[in-house]
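Inside the fold
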Amino acid sequence: MDSPVKDIAGTAPAADPATAPAATAAVADRRGGRLGPVALVVAGGLSVQFGSALAVLLMPRAGALGVVTLRLVLAAVVLLAVCRPRIRGYGRADWGTVLAFGAAMSGMNILFYLSVDRIPLGAAVTLEVLGPLALSVLASRRLVNLLWAGLALGGVVLLGGGLHGGGFDRLDPVGAGFALAAGAMWATYIVFSARTGRRFPQADGLALAMAFGAVLSLPFGILEAGDRLLVPSTIGLGLAVALMSSVLPYTLELLALRRLPAPTFAILMSLEPAIAATAGFLVLHQALGVTDALAIALVIAASMGAVRTQMSRSQ
């Protein structure tokens, strides 16, 4: 099997714009040129983090694992209904890729929601994003990308130091551990999302992976929440979380990974803590300070630098 670093560093042809998500990506590319994939990543980040803030509000009803199950199961139902993926015609390697993608997706979500059940949303995403940043360093073949990753890491650490009234040392250690483990799964998710996007047309691979991830999460959700998962109002909120945190962002990221090299994409993921901190402030009333604003500025600068480097390399 090819090296994950080598596999994700390449690019693949753009998706056929036959479905709505693919058509959206095509329009973005025509209007924004090389900034099209970046717009997809940013839009996905906004959607997933505000969806995560909504999920925190849902946790008292269904628990962390119950929310994960609702999110993945409902997202799988939507994607399967919209995409109607073809089952036949794929080899063992294709199915191995999509099953690994689904397992990474399920593990990432379970660990992340266990984390935000114990620590603030912004702190959880700050720790989680260390996984993609580590991937950007491992996958990068240019010194300048290491510079951008280092700058992003500095912003992430500074942001974490300003959250929760005193930094990482005052966080629940179990919650912090869950967040770091979720980061490792996030890096795995990036690897197999890129591979799935090249092996399956449009969003078919994502739909199949989401279905597998939902099956994996189902026993945990039933064990924790039981029949609380069947309350209509809980299902309605769960559907909103599924659309905002899974269907839209995962589709946009799948399309972006067909156009962006892994190091650039992974550095852009450092925007997630800034978005999460903002969502936590607006939705959950979790405070932001001057240090947080400076950290967010560093992360944005690193992301812009990574994008400009990629644009100049493509010219």
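Let me begin by describing the structure that accompanies this report. Small disclaimer: the values here were computed from a predicted structure and weren't measured.

Glancing now at the overall build of the protein chain. Secondary structure summary: the protein chain contains 13 helices and 0 strands in total. Per-residue burial over the protein chain gives 55% buried out of 315 residues. Expressed as a percentage of contacts within the protein chain between residues at least 6 apart in sequence, the contacts between residues at least 24 apart total 87%. For the protein chain, the accessible area works out to roughly 13000 Å², and carbon and sulfur atoms hold 67% of it.

Between helix H8 (residues 173-199) and helix H10 (residues 232-257), the least distance of the axes is 9 Å, while the angle of their chain directions is 75°. Accordingly, the angle class assigned to the pair H8 and H10 is roughly perpendicular. Note on element contacts: H10 touches H8 through Tyr250, Glu253, Leu254 and Leu257, opposite Tyr189, Ile190, Ser193, Ala194, Gly197 and Arg198. Residues of the contact of H8 with H10, tallied by class, amount to 6 nonpolar, 2 polar and 2 charged.

Here the focus is a nonpolar patch on the surface. Taken together, Val137, Leu143 and Leu146 make up a surface patch of nonpolar side chains, about 280 Å² in accessible area. In this fold, Leu146 is placed in helix H7 (residues 143-162). According to the relative accessible area criterion, Leu146 is partly exposed, its value standing at 36%.

On to the environment of Gly177. The topology assignment puts Gly177 in helix H8. In this structure the C-alpha to C-alpha distance between Gly177 and Ser115, which are 62 residues apart in sequence, comes to 7.7 Å.

So, on to the nonpolar core. With 83 residues, the main nonpolar core has Phe112, Tyr113, Tyr189, Ile190, Leu206, Met210 and Phe265 as its most contacted residues. The biggest single contributor to this core is helix H3 (residues 36-83), with 20 residues. Discounting chain neighbours no more than four positions away, the residues touching Tyr113 are Ser52, Ala55, Met59, Ala64, Val67, Val68, Arg71, Val241 and Ser245.

All right, on to the side chain of Ser106 then. For Ser106, the position within the fold is in helix H4 (residues 92-116). Setting aside anything within four residues of it in sequence, one finds Ser106 in contact with Leu72, Gly213, Leu216 and Ser217.

Okay, the packing of aromatic side chains next. Applying the stated criterion to the full structure yields 6 aromatic pairs. Ring geometry for Tyr90 against Trp95: centres 6.0 Å apart, planes inclined by 90°, an arrangement best described as edge-to-face. The class for Tyr90 is buried, based on a relative accessible area of 14%. Using a relative accessible area of 25% as the deciding quantity, one classes Trp95 as partly exposed. Ring centres 4.4 Å apart and planes at 40° place the aromatic pair Tyr90 and Phe200 in the tilted group. With Tyr90 in the loop between H3 and H4 and Phe200 in the loop between H8 and helix H9 (204-225), this pair connects stretches of sequence that are 110 residues apart. Judged on exposure class, the residue Tyr90 and its partner Phe200 are both buried. A network of ring pairs unites the aromatic residues Tyr90, Trp95 and Phe200 as a single cluster.

The tally for this structure, following the rule as stated, stands at 1 salt bridge. Where Asp94 meets Arg199, a salt bridge forms, and the shortest distance between an N and an O atom there is 2.8 Å. Taken together, the residues Asp94 in helix H4 and Arg199 in helix H8 connect sequence positions 105 residues apart.

Basis of the calculations
- Every chain is numbered independently, its residues counted from 1 as its sequence is written.
- Restriction of local features to residues with pLDDT of at least 70 applies here, the model being predicted, together with a cutoff of 80 or more for giving and counting side-chain atom pairs; totals for whole chains, interfaces and linings are based on all residues.
- Each side-chain value is derived from all of the structure's non-hydrogen atoms; neither hydrogens nor water enter the calculation.
- Under the DSSP-based scheme used, a helix requires at least four consecutive residues in state H or I and a strand at least two consecutive residues in state E, with every element numbered from the N terminus.
- Classification of residues uses two cut-offs on accessible area relative to the type maximum, computed with a 1.4 Å probe and protein chains only: under 20% is buried, over 50% is exposed, and between them is partly exposed.
- Residue contacts follow a heavy-atom distance rule, with two residues in contact if any of their heavy atoms lie within 4.5 Å.
- We get accessible surface area from the Shrake-Rupley algorithm with a probe of 1.4 Å; when it comes to residues, only the shown protein chains can shield them.
- Axis lines are fitted to C-alpha atoms, over the contacting stretch for helices. Their N-to-C directions set the angle, which ranges from 0 to 180 degrees.
- Comment on the angle field: the value is read as roughly parallel under 35 degrees, roughly antiparallel over 145, roughly perpendicular from 65 to 115, and oblique elsewhere.
- Only Asp, Glu, Lys and Arg are considered charged, only Ala, Val, Leu, Ile, Met, Phe, Trp, Tyr, Cys and Pro nonpolar, and every remaining residue, Gly among them, polar.
- Patch definition: residues with relative accessible area over 30% and no salt bridge; like charges joined within 9 Å; nonpolar side chains (Val, Leu, Ile, Met, Phe, Trp, Tyr) joined within 5 Å.
- By definition, a salt bridge exists where a carboxyl oxygen of Asp or Glu is found within 4 Å of a side-chain nitrogen of Lys or Arg.
- In these notes, a set of buried Ala, Val, Leu, Ile, Met, Phe, Trp, Tyr and Cys residues joined through side-chain atoms within 4.5 Å is what counts as a nonpolar core.
- By convention, a stacked pair of Phe, Tyr or Trp rings (six-membered ring in the case of Trp) has centres within 6.5 Å and planes under 30 degrees apart, an edge-to-face pair has planes over 60 apart, and any other such pair is tilted.

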